[in-house]
Amino acid sequence: MKRYAPLLTVASVAALGLALLMVNVNGDPAPRQEVAAAAPVADPAPTTALAPGPAPEPVVEEPAVTPPAIAEIAYAGRSSGNEVTVAIAVKDGRAVAYVCDGKKIEAWLDGTLEGDQLSLRGADGAAVTGTVDEAKSLGSVSVAGKQWPYAAKGVQAPEGLYEGRSGVDEVAERIGWIVLDGTQVGVRNAGGNLGPAPRLDPEDLDGVTVDGVRFSVTAVTGDDQVVGR
Amino acid sequence: MTIPKPEQRAPIATPFAPPPASSSASTSASSSEPPPARTGTAGLLVAVTVGTLVSVGLGVYGRAHEAAFFAVSIAGFSSGTAAKAWLATGAFVLVLVQVGSAMVMYGRFPGVRAPSWIGGLHRWSGRAAVLLTVPVAVHCLYALGFQDGSPRVLLHSLFGCFFYGAFVAKMLVLNRPGSPRWSLPVLGGALFTALVALWLTSSLWFFTTSGLTF
């Protein structure tokens, strides 16, 4: 028994590591699974054809998911009293959003677009619900314990939502920018400390450096993963 | 990071003069379950090979897997990073205990006789140390991955992968009492070096940039 103690130590370390990894992976919103779930909706025939022959009947009908009204689009706008700025990106039924006030409030959200109904959630009760069409998205946004109606219009680059991450540093820094009507609003989150974001040049996303830290900045699309749970 | 208990240590210390004969000598001195003589270097080779595979595997995972940038954080700390920094600091303190107790066991402090509990202290502090590092490493690998953006980050990534390989190799060597007598101190020293380097490139860096935050 004693002789195998070192192996037990290795096994415990491996078990703890794998368990924590599983917790992380399962806590992940897992865009891959959502995409996989969305695919059969678009084209159900191959799925049925691939289903194993012997047991076709126990296949439970998936809850009817309305196909998204719009495949890919981005919206940006503001709450009714200009309290917060809202940006929403949609792609293939998945939606992500960023809400911020440019100073101390921000939230990253993700969810779905079913038909023309948007439904997104984020940490600490943040939520965006609304409707979309080709030109605009109207609805309500909840963040930091408050709720406002919002109106956002369909936008094209360089307007839209941008995310910067400094993944190379153990101090996780993240910046969200919303570019709209020639202005921009953003919040920088440096390991939990929130503050106004530095200015972003949406035409030049390469080599963004903030306080000597390199950020990789991308224009966010609806299938990006922005929320960790 | 455990060291064999005293009755296993004794045979390692005895075959001092002829290093090549160490495996047979320790085999004969081993009271119970004599391992085959060839386990000496072969066992070490196996251990180092497995350890290398672990290191490379971790590095490949950290590189190939897209950094999620999120991970479940630990309650009670202001941020996941602070939690990591303090867990790693705990491991760092324990690894100092590791080196101290190992030096006592190997008689490196003149006049200090190894007390009977030193082996237990070494084993359990080692287990605690490596377990403390696991949440940190999982967060690093899952949320950040293997990165090379700056020398500090590259060093940290390399040592992080190396650490677990060396750990596995050392555990496997411990499991083979016939291994060359230098193998344990070398692997233990490698572990100590790696952990100190990891601590310097992460926790100390964090404390100097963000202050001593919890």
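Fair warning: this is a prediction, and the values are worked out from it, not measured in the lab.

1. Side note on the packing of helix H5 (residues 118–144) of chain B against helix H6 (residues 151–174) of chain B
Residues and elements named next belong to chain B.
Thought 1: At a closest axis distance of 12 Å, the pairing of H5 and H6 adopts a crossing angle of 140 degrees. If you check the angle between H5 and H6, you find them oblique. Here H5 and H6 pass one another in a crossing that is left-handed. The segment H5 lies against H6, with His122, Val130, Thr133, Val134, Ala137 and Cys140 engaging His156, Phe163, Tyr164, Phe167 and Lys170.
Thought 2: Here the residues of the contact of H5 with H6 sort into seven nonpolar, three polar and one charged.

2. Here we look at a nonpolar patch on the surface
Residue and element names in this part refer to chain B.
Thought 1: A contiguous nonpolar patch, built from Met103, Phe109 and Val112 and spanning about 230 Å² of accessible area, is present on the exposed surface.
Thought 2: Take methionine 103: it is sitting in helix H4 (residues 80–105).
Thought 3: On the basis of relative accessibility, which here comes to 32%, the residue methionine 103 falls in the partly exposed class.

3. A closer look at the packing of aromatic side chains
Thought 1: Considering all chains together, one arrives at three aromatic pairs over all chains under this definition.
Thought 2: When the centroid spacing of 4.2 Å and the interplanar angle of 35 degrees are considered together, the rings of tyrosine 98 of chain A and tryptophan 108 of chain A count as tilted. Placement of the pair is tyrosine 98 of chain A in strand S3 (residues 94–100) and tryptophan 108 of chain A in strand S4 (residues 106–114), with a sequence separation of 10 residues.
Thought 3: The class for tyrosine 98 of chain A is buried, based on a relative accessible area of 0%.
Thought 4: A relative accessible area of 8% places tryptophan 108 of chain A in the buried class.
Thought 5: Each ring, one from phenylalanine 163 of chain B and one from tyrosine 164 of chain B, has its centre 5.0 Å from the other, and the planes form 85 degrees; the classification is edge-to-face.

4. Quick notes on H5 of chain B
All names here are of chain B.
Thought 1: The end-to-end C-alpha distance of H5 is 38 Å, a good match for the 39 Å that 27 residues give at a rise of 1.5 Å each.
Thought 2: In the structure, H5 departs most strongly from a straight axis at valine 134, where the bend amounts to approximately 30 degrees and where the proline proline 135 lies between one and four residues downstream.
Thought 3: Judged by how many residues are buried, H5 sits mostly within the fold: 20 of 27 residues are covered.
Thought 4: Just beyond H5, the residue with positive phi is glycine 145, at close to 80 degrees.

5. Here's the deal with the pairing of S3 of chain A
Taken residue by residue, a regular strand's side chains alternate between the two faces of the sheet.
All names here are of chain A.
Thought 1: Counting buried positions along S3 gives seven out of seven residues, so the element sits mostly inside the fold.
Thought 2: In S3, alternate side chains face the same way, and those of Arg94, Val96, Tyr98 and Cys100 on one face and Ala95, Ala97 and Val99 on the other are all buried.
Thought 3: Sheet topology note: the strand S2 (residues 85–91)/S3 ladder contains seven bridges and is antiparallel. Of the residues in S3, the one forming a bridge with valine 90 is alanine 95.
Thought 4: Following S2, the chain reverses through two residues before pairing antiparallel with S3; aspartate 92 in that reversal takes a positive phi of roughly 50 degrees.
Thought 5: When S3 meets S4, the two strands line up antiparallel, connected through seven bridges. Each residue of the ladder has a partner; that of alanine 95, found in S4, is glycine 111.
Thought 6: The loop that links S3 with its antiparallel partner S4 comprises five residues; one of these, glycine 102, has a positive phi angle of about 80 degrees.

6. Quick look at the confidence of the model for chain A
Thought 1: Looking at chain A as a whole, the pLDDT averages 79, with 78% of positions reaching at least 70.
Thought 2: Below a pLDDT of 50 lies the segment residues 29–59 of chain A, which in the model reaches 14 contacts outside its immediate sequence neighbourhood of four places, other chains included.

7. Considerations on the nonpolar core
Across soluble globular proteins, nonpolar side chains show a tendency to be buried alongside one another.
Thought 1: Core analysis: the largest hydrophobic core is formed by 31 residues, its most contacted members being Val13 of chain A together with Val130, Phe163, Tyr164, Phe167, Val173 and Leu195 of chain B.
Thought 2: Elements with a minimum of two residues in this core: helix H1 (5–27) of chain A together with helix H3 (39–64), H4, H5, H6 and helix H7 (183–210) of chain B.
Thought 3: Element by element, the count of residues in this core is highest for H6 of chain B, at nine residues.
Thought 4: Counting residues in hydrophobic clusters, the runner-up holds 23 residues, among them Val84, Val99, Leu120 and Val128 of chain A.

8. With respect to the state of the cysteines
When the sulfur atoms of two cysteines share a covalent bond, that bond is a disulfide.
Thought 1: According to the stated counting rule, one finds zero disulfides over all chains in the structure shown.
Thought 2: Between cysteine 140 of chain B, a free cysteine, and cysteine 161 of chain B, which holds the nearest cysteine sulfur, the sulfur-to-sulfur gap is 9.9 Å.

9. Topic: the environment of glycine 176 of chain A
Residue and element names in this part refer to chain A.
Thought 1: On the secondary structure map, glycine 176 appears in strand S10 (residues 173–180).
Thought 2: With relative accessibility at 0%, the residue glycine 176 sits in the buried group.
Thought 3: Taking C-alpha positions, glycine 176 is 9.9 Å from leucine 200, a pair spaced 24 residues apart along the chain.
Thought 4: Apart from residues no more than four positions distant in its own chain, glycine 176 is found in contact with Tyr98, Trp108, Tyr162, Val185, Gly186, Val187 and Ala197.

10. Some thoughts on the sheet that holds strand S12 (residues 193–196) of chain A
Residues and elements named next belong to chain A.
Thought 1: With antiparallel pairing, the six strands of this open sheet are ordered in space as S12-S11-S10-S9-S14-S13. Whereas interior strands pair on both sides, the edge strands pair on one side only; in this sheet they are S12 and strand S13 (208–210). With direction set aside, neighbouring strand axes in the sheet form an average angle of 25 degrees.
Thought 2: With seven bridges joining them, strand S9 (residues 160–166) and S10 adopt antiparallel strand pairing. Across the sheet, the residue bridging to arginine 165 is arginine 174, located in S10.

11. Looking at a negative patch on the surface
Residue and element names in this part refer to chain A.
Thought 1: Residues Asp201, Glu203, Asp204 and Asp206 make up a contiguous surface patch of negative charge.
Thought 2: If you trace the backbone, aspartate 204 turns up in the loop between S12 and S13.
Thought 3: Residue classification places aspartate 204 among the partly exposed residues on the basis of a relative accessible area of 40%.

Parameters at a glance
- Position numbers for residues start from 1 in each chain and track the written sequence from start to end.
- All chains are assigned letters beginning with A, and all ligands numbers beginning with 1, in the order in which they are written.
- Predicted model: local features are reported for residues with pLDDT of at least 70 only, side-chain atom pairs are reported and counted for 80 or more only, and whole-chain, interface and lining totals are derived from all residues.
- Excluding hydrogens and water, the side-chain figures rest on all heavy atoms present in the structure.
- Here an axis means a line fitted to C-alpha atoms, over the contact stretch when the element is a helix, while the angle between two N-to-C directions is reported on a 0 to 180 degree scale.
- Put simply, DSSP marks the helices as runs of H or I at least four residues long and the strands as runs of E at least two long, and each gets a number from the N terminus on.
- Oblique is the label for any angle not covered by the other classes, which are roughly parallel (under 35 degrees), roughly antiparallel (over 145) and roughly perpendicular (65 to 115).
- Put simply, a crossing is left-handed when the front helix is turned counterclockwise from the back one by less than a right angle, and right-handed when it is turned clockwise.
- Two residues form a contact once any of their heavy atoms are found within 4.5 Å.
- As a working rule, the residues Ala, Val, Leu, Ile, Met, Phe, Trp, Tyr, Cys and Pro are called nonpolar, Asp, Glu, Lys and Arg charged, and the rest polar, with Gly in that last group.
- Nonpolar side chains (Val, Leu, Ile, Met, Phe, Trp, Tyr) within 5 Å and like charges within 9 Å form the patches, drawn only from residues with over 30% relative accessible area and no salt bridge.
- Here, Shrake-Rupley sampling with a 1.4 Å probe gives the accessible areas, and only protein chains in the shown set may cover a residue.
- Whenever Lys or Arg places a side-chain nitrogen within 4 Å of a carboxyl oxygen from Asp or Glu, that contact is recorded as a salt bridge.
- Burial classes: relative accessible area under 20% of the type maximum marks a residue as buried, over 50% as exposed, and values in between as partly exposed (1.4 Å probe, protein chains only).
- Centre distance within 6.5 Å is the pairing criterion for rings of Phe, Tyr and Trp, where only the six-membered ring of Trp is used; planes under 30 degrees apart are then read as stacked, over 60 as edge-to-face, and the remainder as tilted.
- Expected span of a helix, by definition, is 1.5 Å for each gap between consecutive residues, and there is one gap fewer than residues.
- The quantity called bend is, for any residue, the angle between two axes fitted respectively to the seven residues ending at it and the seven beginning at it.
- When DSSP finds two or more bridges between two strands, those strands count as paired.
- Here pLDDT means the predictor's own confidence in every residue, given as a number from 0 to 100.
- We call a set of buried residues a nonpolar core when its members are Ala, Val, Leu, Ile, Met, Phe, Trp, Tyr or Cys and they connect through side-chain atoms within 4.5 Å of each other.
- The disulfide criterion is simple: two cysteine sulfur atoms within 2.5 Å.
- The convention is simple: Lys and Arg are positive, Asp and Glu are negative, and His and the chain ends are not counted.
- Where a charge sits is defined by one atom per residue type, namely NZ (Lys), CZ (Arg), CG (Asp) or CD (Glu).

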